[in-house]
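# Topology and contacts: notes
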Amino acid sequence: MPVTETLLPAPRSADAPAERRGGIVAVGLVLGGALSVQFGSALAALLFARTGVAGAVTLRLTISAVLLLIVCRPRLRGHDRSAWLAAGAFGLALAGMNSLFYQAIERIPLGPTVTLEVLGPLALSVFTARRLASWCWAGLALAGVALLGQGGFDRLNPAGVAFAFGAGAMWAAYIVLSARVGDRFPGADGLALALAVAALVTLPLGIVDGGAVLLDPTVLALGTALAVLASGLPYTLELLALRRMPTATFAVLMSLGPAIATLAGWLVLRQALTLLECAAIVLVIAASIGAVRVRAAAAEPPARR
């Protein structure tokens, strides 16, 4: 948002209390969406024993795609080749991000997984901001990762760590492709079509991994809850929040994901972390918030004098 300076203090708006209430509501919406995503991830981990990892991914993406296609009813005609390529690439990024993330949380606790995953968007923010301060925040994030490793990456499972890094790379690709798809499709049409692509890509492995159990009524009910918690509900809450707050504030709140994931892992999955691992998560959260603030400051026009 543009920053302006005046010689005299601005008069208090009669709507100031309403604006404060709106801000509190927006913060609640963002945190509610983040809680929904991370507790949805914890629910997915509970599903692995029944469906396998690929089966859980397929359930989430397929049910999410069906629900969004019904709601959006995207128009299939009138899009050029570049639009369809963007939607297809977006779908592949969604499939890769979810598959790698779920492979990671099968092997390592939810909190460290999200902490490592968030390095993908953080790296994207640092490279696009091109400011010294961004690189300083990146250094803090690397210090957090090094501290996390002091607890022993072997304790965390090296394959799980690699999957979490891969999910972070896919998350960065998701962010870039999301913007491109948003420019080419109205509303959430592009997301609905990309989810359909992701569901189709993951369906063969999901069927092999989960088999007939994917059609079990209890599993379908859990899969629907997973789709709503991890996709439908947070997406809706985030859209509502973005109408009430600046994108920079939204991004700062979203940076709390690793802490919320740690809470969900502890409450639902009984995953306890050491103090060293908790300190590492705090460093990465601080680095993510700092990088967001630097990027927001770079995007603001010069203040009027």
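Rules and cut-offs
Residues numbered from 1 in each chain as written. Predicted model: local features only at pLDDT ≥ 70, side-chain atom pairs only at ≥ 80, totals over all residues. Heavy atoms only, no water. Helix = DSSP H or I, 4+ residues; strand = E, 2+ residues; numbered from the N terminus. Buried < 20%, exposed > 50% of the residue type's maximum accessible area, 1.4 Å probe, protein only. Contact = heavy atoms within 4.5 Å. Areas by Shrake-Rupley, 256 points an atom, 1.4 Å probe, with all protein chains shown as cover. Salt bridge = Lys/Arg side-chain N within 4 Å of Asp/Glu carboxyl O. Phe/Tyr/Trp six-rings, centres within 6.5 Å; stacked < 30°, edge-to-face > 60°. Patch = residues over 30% accessible without salt bridge, like charges linked within 9 Å, V, L, I, M, F, W, Y side chains within 5 Å. pLDDT = per-residue confidence, 0-100.

Attention now goes to the overall build of the chain. Across its full length, the chain carries 12 helices and zero strands. Counting from the amino terminus, helix and strand elements in the chain follow one another as α-α-α-α-α-α-α-α-α-α-α-α. The proportion of buried residues among the 305 residues of the chain is 44%. Contacts in the chain between residues at least 24 apart in sequence constitute 88% of all its contacts with a sequence separation of at least 6. When the accessible surface of the chain is totalled, it reaches about 15,600 Å², and 67% of it is carbon and sulfur.

Here we come to the pattern of salt bridges. Here the idea is simple: oppositely charged side chains can pair when their charged atoms come close. This structure, assessed with the given rule, holds one salt bridge. Across the salt bridge formed by Arg 107 and Glu 106, the nearest N and O atoms sit 3.3 Å from each other.

Despite not being glycine, Arg 73 has its phi angle at roughly 45°, a positive value. Relative to the helices and strands, Arg 73 resides in the loop between α1 (16-72) and α2 (81-107). Even without being glycine, Arg 270 reaches a positive phi, approximately 60°. Residue placement: Arg 270 occurs in the loop between α11 (257-269) and α12 (275-299). Among the residues examined, Arg 270 registers a relative accessible area of 65% and is labelled exposed.

Take the packing of aromatic side chains next. Within the structure shown, the criterion is met by four aromatic pairs. Plain terms: the ring middles of Trp 84 and Phe 185 are 6.1 Å apart, the flat faces sit at 75° to each other, and that makes the pair edge-to-face. In this pair, Trp 84 is assigned in helix α2 and Phe 185 in the loop between α7 (158-184) and α8 (189-210), connecting sequence segments 101 residues apart. Phe 185 gets classed as buried once you look at its relative accessible area, which sits at 3%.

The next thing to look at is a nonpolar patch on the surface. A contiguous nonpolar patch, built from Leu 35, Leu 46, Leu 263, Trp 266, Leu 267 and Val 268 and spanning about 520 Å² of accessible area, is present on the exposed surface. The set of elements that each furnish at least two residues to the nonpolar patch consists of α1 and α11. Considering each element in turn, the nonpolar patch owes the most residues, four residues, to α11. Structurally, the position occupied by Val 268 is in helix α11.

What follows concerns the confidence of the model for the chain. For the chain, the mean per-residue pLDDT works out to 80, and 84% of the residues sit at or above 70. Residue range residues 1-14 is modelled with pLDDT below 50. Its contacts to residues more than four positions away, or to other chains, number 13 contacts.

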